[in-house]
Structures are given as C-alpha cells and as structure tokens.
Amino acid sequence: MSAPIIEFKNVKKCFGETVIFSDFNFKVEENEIVSIIGPSGSGKSTLLRILMTLEGIDGGYINVAGESLWHMPWQGRYVPANSKHLHKMRNHLGMVFQHFNLFPHMTVKRNITEAPMRVKGVSRTEAEKFAEKLLRLVGLADKADSYPNDLSGGQKQRVGIARALAMKPSILLLDEITSALDPELVDEVLDVIRNLVKEESFTMLLVTHEMYFAREISDRVCFFDKGAIVEEGEPEAIFTQPREERTKAFLNAYIGQ
Amino acid sequence: MEFGEIVSVLLQGAIVTIQIVAMALPLAVLMAFSFGLIRLYAPAPFKQIAIIYIEFFRGTSALIQLYWIYFVLPFFGITIDAMTAAVVALGLNIGSYGTEVVRGAIQSVPKGQYEASIALNFTSSQRLWRIIMPQALVNMIPPFGNLAIELVKATSLVSLITIGDLTFKAKMLADTTLQVGEIFGVVLLFYFVMAQFLVFFIRRLETHLSKGLGRGGLHS
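The structure displayed is predicted, hence computed values, not measured ones. (Residues numbered from 1 in each chain as written. Chains lettered and ligands numbered in written order. Predicted model: local features only at pLDDT ≥ 70, side-chain atom pairs only at ≥ 80, totals over all residues. Heavy atoms only, no water.)

**Student:** How should I be thinking about the interface of chain B and chain A in this particular structure?
**Tutor:** The parts lose accessible area when they come together, and the size of an interface is often stated as this lost area. The interface is formed by 22 residues belonging to chain B together with 24 residues belonging to chain A. Taken as a group, Leu120(B), Asn121(B) and Arg130(B) account for 31% of the area that chain B buries against chain A, more than any other trio of residues on that side. On inspection of chain B and its partner chain A, the count reaches 2 salt bridges. In this structure, the salt-bridge partner of Glu115(B) is Arg49(A), at a minimum N-O distance of 2.7 Å. Inspection of the region where chain B meets chain A yields 8 residue pairs in polar contact (both at pLDDT 80 or more). When contributions to the side of chain B that touches chain A are tallied by element, the ones reaching two or more residues are helix H5 (111-119) and helix H6 (124-154) of chain B. No other element matches the 8 residues that H5(B) contributes to the side of chain B that touches chain A. The residue makeup of the side of chain B that touches chain A, split by class, is 8 nonpolar, 9 polar and 5 charged. (Contact = heavy atoms within 4.5 Å. Buried area = accessible area lost by both parts, 1.4 Å probe. Salt bridge = Lys/Arg side-chain N within 4 Å of Asp/Glu carboxyl O. Polar contact = N/O pair within 3.5 Å; in protein donor to acceptor, adjacent residues only side chain to side chain. Helix = DSSP H or I, 4+ residues; strand = E, 2+ residues; numbered from the N terminus. Nonpolar A, V, L, I, M, F, W, Y, C, P; charged D, E, K, R; others polar.)

Dropping the structure here:
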C-alpha cells in the first residue's frame with residue numbers, strides 16, 4: 001500500500017484552556033472517501049480546518065501528500081511552516097464551507113475564475129472555459145452572471161463546490177455543506193457530490209450530519225467524540241452493527257432507529 | 001450693501017472653503033487608509049505610532065490643533081503658510097476619525113470571507129485588496145460621508161487663522177454692513193449646498209460600490 005495522502009501524528013490542538021485533540025492519529029489513503037460523524041464540539045470541523053490551514057496545531061505532525069503541512073525542513077530539522085510553505089501546501093487542498101462564504105461582490109463566474117487566474121496564473125479564456133464546465137456540472141450554467149445574493153442556498157452551495165473544484169485540488173474537504181440549507185435543498189447539493197465522485201476519483205474528507213449520504217458515499221466512516229475516533233470502519237458496519245456504546249447512542253439519537 | 005454684492009463677496013469666500021475641502025479631504029482619506037491599515041496589520045511599534053496619532057488628533061480640539069500648526073510651530077522653526085496649515089490640520093483631524101472607520105469596516109467583513117480566501121490560496125495582499133477591501137469599502141462610505149460633511153463645516157475654523165474663507169468673509173461683511181440676516185442666511189445656504197453636493201456624490205459612490213452586495217435599505 002502506498003503512503004497515506006493525509007496523516008496526523010500525535011496532533012495536539014487547544015483553544016485556550018479547552019483541549020480539542022490531545023494525541024490525535026489519523027490516516028486517509030489516496031482516493032479514499034472518508035465521512036466524519038459525531039456530536040457537535042467533538043472536533044470534526046477543527047480537523048478539516050487544521051488541514052485547510054485555517055487553524056494551527058499545538059503539537060505533533062501532519063503530512064499531506066508526503067510533505068509536512070505545518071512544518072518545513074530548515075537546516076536539517078523541522079521548523080514551523082512559513083507563509084510560503086503553507087501557500088505551496090494549500091495547492092493540494094480545497095474546501096467547501098457550511099455557510100458557503102461566496103464572495104458577494106463578484107458574479108458567480110468571477111467567484112469561480114478569480115482564484116485560478118490570480119493564484120495559478122491561468123488565462124482568463126481558460127479559466128472561464130473551465131468555470132462554464134464546472135457550472136454545467138453543478139447545474140447552474142445559466143447563473144454565471146448572477147450575484148451570489150440572488151441565488152438560493154442550494155444554488156450558493158453548488159457554486160461553492162464549483163469554486164473549490166476550479167483550483168483542481170487533489171483533496172476535497174466538505175465541512176457540513178448541507179447544514180445551513182432548508183431540507184428540500186439538501187439533495188440538489190448532495191447530488192452534485194454523488195455525480196462528482198462517479199466521474200472522477202477524489203480524496204474526500206467530509207464532516208456531515210446526513211447519515212444516509214455518509215453511508216452511501218463513503219469508503220470509511222469515522223465516529224468522532226471528544227477529539228478522538230471512537231469507532232471507524234466500512235459504512236455498513238458502522239451503521240448496522242456499531243460496536244461501541246457511544247456510537248450506538250449517537251446513531252439512535254440521530255436516526256431514531 | 002446690495003444683495004448681489006454680498007453674494008459675490010461670499011462666493012469668493014466659498015471658493016476658498018471649497019479649495020480647503022478639496023485638499024484636506026484627499027489628505028484625510030490618505031491618513032485614514034494608511035493609519036487604519038497600520039493599526040490593523042503593521043508590527044507593534046508602528047501600531048503604537050498609529051494609536052498615538054489617532055488618539056491625539058481625536059482627543060484634542062481641532063481649533064487648538066490649527067493654532068498649534070499655525071502659531072506655535074514657528075517657534076520651533078517650522079513656518080507654514082495659513083492655507084497649508086489649514087489643510088494639514090483639518091486633514092489630520094478628520095483623518096484620525098477616518099482611521100477608525102477603515103479599521104471598523106475591515107473588521108466587519110465576515111470571518112468566512114477571510115477563510116474562503118485562504119482556502120483558495122490567495123496571498124495575503126490579494127485577500128485584502130481583492131476580497132476584503134471591496135466589501136469593506138461599502139461599509140466605509142456612510143461614515144466617510146459624515147466625516148466629509150464634518151470637514152466642510154470644520155473649515156469655518158480656518159477663519160481664525162486669517163484665511164478668507166466663507167465664514168471669514170461673512171464676519172467681515174457683517175461687521176461692516178450689519179446686514180446680518182441676509183449675510184448669515186446666504187452663508188447657511190452655501191454650507192448646506194456644499195454638504196448636499198457631497199451627499200449626492202457619496203450616494204452615487206455607494207450605489208456603484210454595493211453592486212451584488214444586496215444592501216441598500218428596505219426596498220431591496
């Protein structure tokens with residue numbers, strides 16, 4: 001088996017006095033789709049935010065695509081990463097946010113083309129061509145010139161997905177992407193992800209409360225509680241025969257079996 | 001004195017007032033942006049300098065600042081003509097309030113916007129200028145509008161350092177003709193028209209900048 005594309009080693013993370021991870025270990029293989037479920041405050045989103053470099057770590061190491069994310073080699077040892085190193089590492093990663101975080105002052109098309117053009121130096125023609133392709137993929141080809149505030153929540157999130165994909169990340173992080181949506185809009189967003197993984201292979205890490213979706217799409221499901229993985233395995237095993245009491249209690253409360 | 005003559009003398013004063021505003025306003029905006037950004041992003045010693053500037057110019061009287069620059073600085077060997085002193089004093093004074101406008105507007109852009117711009121790997125200057133600033137500018141316009149109007153009104157202080165602005169001419173006319181009703185009526189109207197001109201311009205700017213942001217009151 002090749003080296004994992006994501007690896008957390010003895011990671012420690014605190015917010016002030018609150019310890020989120022005390023000694024966290026975690027691996028994701030290339031092209032693996034991993035769902036993270038668990039009660040709120042268990043550190044699920046923090047895990048994604050650390051990977052996206054939105055939160056630093058207080059100890060341990062994280063490797064992404066064979067390189068240390070938060071550290072870099074310097075004179076034979078590892079030192080905390082500088083902004084140049086983080087800039088390089090972020091090329092591997094893309095993130096879709098719970099609250100979309102689209103840029104309200106830009107049209108849908110520019111939301112998608114701005115980063116490829118400014119960050120990667122892609123030409124406008126090429127960036128726009130790819131944006132059109134992505135908008136067709138998410139079913140919003142007719143909304144290219146709209147502003148985000150003229151879209152529904154589900155449409156906004158589909159643009160959010162297109163915007164993340166425009167940077168061609170090898171790892172896609174989905175942070176509760178349907179939690180802020182009205183129930184009837186959830187499926188239009190999840191369908192985009194369903195189609196996406198059918199067409200291309202991705203390493204995908206998703207924090208979700210959509211248990212049916214997690215069960216259907218994942219290669220592996222991790223149940224998180226209090227900053228640790230309590231139980232993990234194939235979705236069928238986790239959802240039909242959970243071994244741990246905490247997993248059972250959580251799933252019962254959630255699905256109401 | 002004929003009403004027409006009064007108006008023509010006051011008009012000369014109004015032109016001086018407009019000149020001062022036209023020079024002090026860009027200075028104020030420049031100070032507001034540079035010190036606002038220093039206050040937010042620069043290393044600690046520069047931040048301290050910015051804070052001293054802001055608190056000093058906000059916390060003392062504009063008139064006394066004007067007197068210092070025009071009457072006191074010459075004792076330290078720095079002699080400045082009245083017009084420059086007026087522009088510098090008013091620009092720095094209004095600019096110090098503007099600094100807090102810039103800072104507040106930048107900080108009011110939601111955190112998610114910073115996070116999305118990090119996730120898309122924009123550099124820190126691209127984040128500021130392409131993502132945060134265009135949104136912050138819209139928040140800045142109304143308070144900047146207030147400050148611009150404050151500036152117009154504060155220019156009347158310069159009459160006290162021998163500049164022949166609108167207020168200066170009005171007092172001069174009033175002392176010689178005693179036609180105070182007509183004179184100060186016209187002066188009031190002139191200040192009002194200048195302020196309304198700024199209001200009109202600021203509204204246009206706000207409409208232009210808020211495209212897509214879905215703001216603009218109840219009708220939207």
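Moving on, there is more to tell.
**Student:** Just checking my understanding: could you explain the packing of helix H4 (residues 82-107) of chain B against H6(B) for this structure?
**Tutor:** Angle between the axes and distance between the axes: these two values describe a pair of packed helices. Residues and elements named next belong to chain B. Two elements in contact, H4 and H6, have axes separated by 8 Å at closest approach and are oriented at 145°. For the element pair H4 and H6, the recorded crossing hand is right-handed. Along its contact with H4, which presents Leu 90, Ile 94, Tyr 97, Gly 98, Val 101, Val 102, Ala 105 and Ile 106, the element H6 presents Leu 128, Ile 132, Met 133, Ala 136, Asn 139, Met 140, Pro 143, Phe 144, Leu 147, Glu 150, Leu 151 and Ala 154. When its residues are assigned to classes, the contact of H4 with H6 shows 17 nonpolar, 2 polar and 1 charged. (Axes fitted to C-alpha atoms, helices over the stretch in contact; angles between N-to-C directions. Left-handed = near helix turned anticlockwise from the far one by under 90°.)

**Student:** Please explain a nonpolar patch on the surface as it appears in this structure.
**Tutor:** A cluster of nonpolar side chains, namely Ile64(B), Trp68(B), Phe75(B), Phe76(B) and Ile78(B), defines an oily patch on the protein surface of about 610 Å² accessible area. For Phe76(B), the location among the structural elements is in the loop between helix H3 (62-72) and H4. (Patch = residues over 30% accessible without salt bridge, like charges linked within 9 Å, V, L, I, M, F, W, Y side chains within 5 Å. Areas by Shrake-Rupley, 256 points an atom, 1.4 Å probe, with all protein chains shown as cover.)

**Student:** Please clarify how the nonpolar core should be interpreted in this entry.
**Tutor:** A general trend in soluble globular proteins is that nonpolar side chains are found buried together. In this structure, Phe8(A), Ile62(A), Leu205(A), Leu10(B), Ile106(B) and Met140(B) are the most contacted members of the largest nonpolar core, which totals 100 residues. Beyond its immediate chain neighbours, meaning those up to four positions away, Ile62(A) contacts Glu7(A), Phe8(A), Val11(A), Ile50(A), Leu51(A), Ile57(A), Glu67(A), Ser68(A), Leu69(A) and Trp70(A). Ile33(A), Leu134(A), Val186(A) and Leu196(A) belong to the second largest nonpolar core, which has 35 residues in total. (Core = buried A, V, L, I, M, F, W, Y, C linked by side-chain atoms within 4.5 Å. Buried < 20%, exposed > 50% of the residue type's maximum accessible area, 1.4 Å probe, protein only.)

**Student:** Would you take a moment to explain the pattern of salt bridges for this structure?
**Tutor:** Any two side chains of opposite charge can pair, on the condition that their charged atoms come close. Residue and element names in this part refer to chain A. If you walk through the whole model with that rule in mind, you get 23 salt bridges over all chains. Between Glu 114 and Arg 118 there is a salt bridge, and its shortest N-O distance comes to 3.4 Å. Taken together, the residues span about one helical turn, with Glu 114 and Arg 118 both in helix H3 (residues 108-120) at a distance of 4 residues. The exposure class assigned to Arg 118 is partly exposed, which follows from its relative accessible area of 33%.

**Student:** I'm lost on the packing of aromatic side chains in this one. Help?
**Tutor:** The relation between two aromatic rings is expressed through the spacing of the ring centres and the mutual angle of the planes. Residue and element names in this part refer to chain A. Throughout the structure, instances matching the rule amount to 17 aromatic pairs over all chains. Counting every residue linked through ring pairs, the aromatic cluster contains Phe 8, Phe 21, Phe 24, Phe 26 and Phe 224. The ring of Phe 103 has Arg 163 lying over it, and the distance from NZ or CZ to the ring centre is 4.6 Å. (Phe/Tyr/Trp six-rings, centres within 6.5 Å; stacked < 30°, edge-to-face > 60°. Lys NZ or Arg CZ within 6 Å of the ring centre and 35° of its normal.)

By themselves, these figures tell us nothing about what the structure is for.
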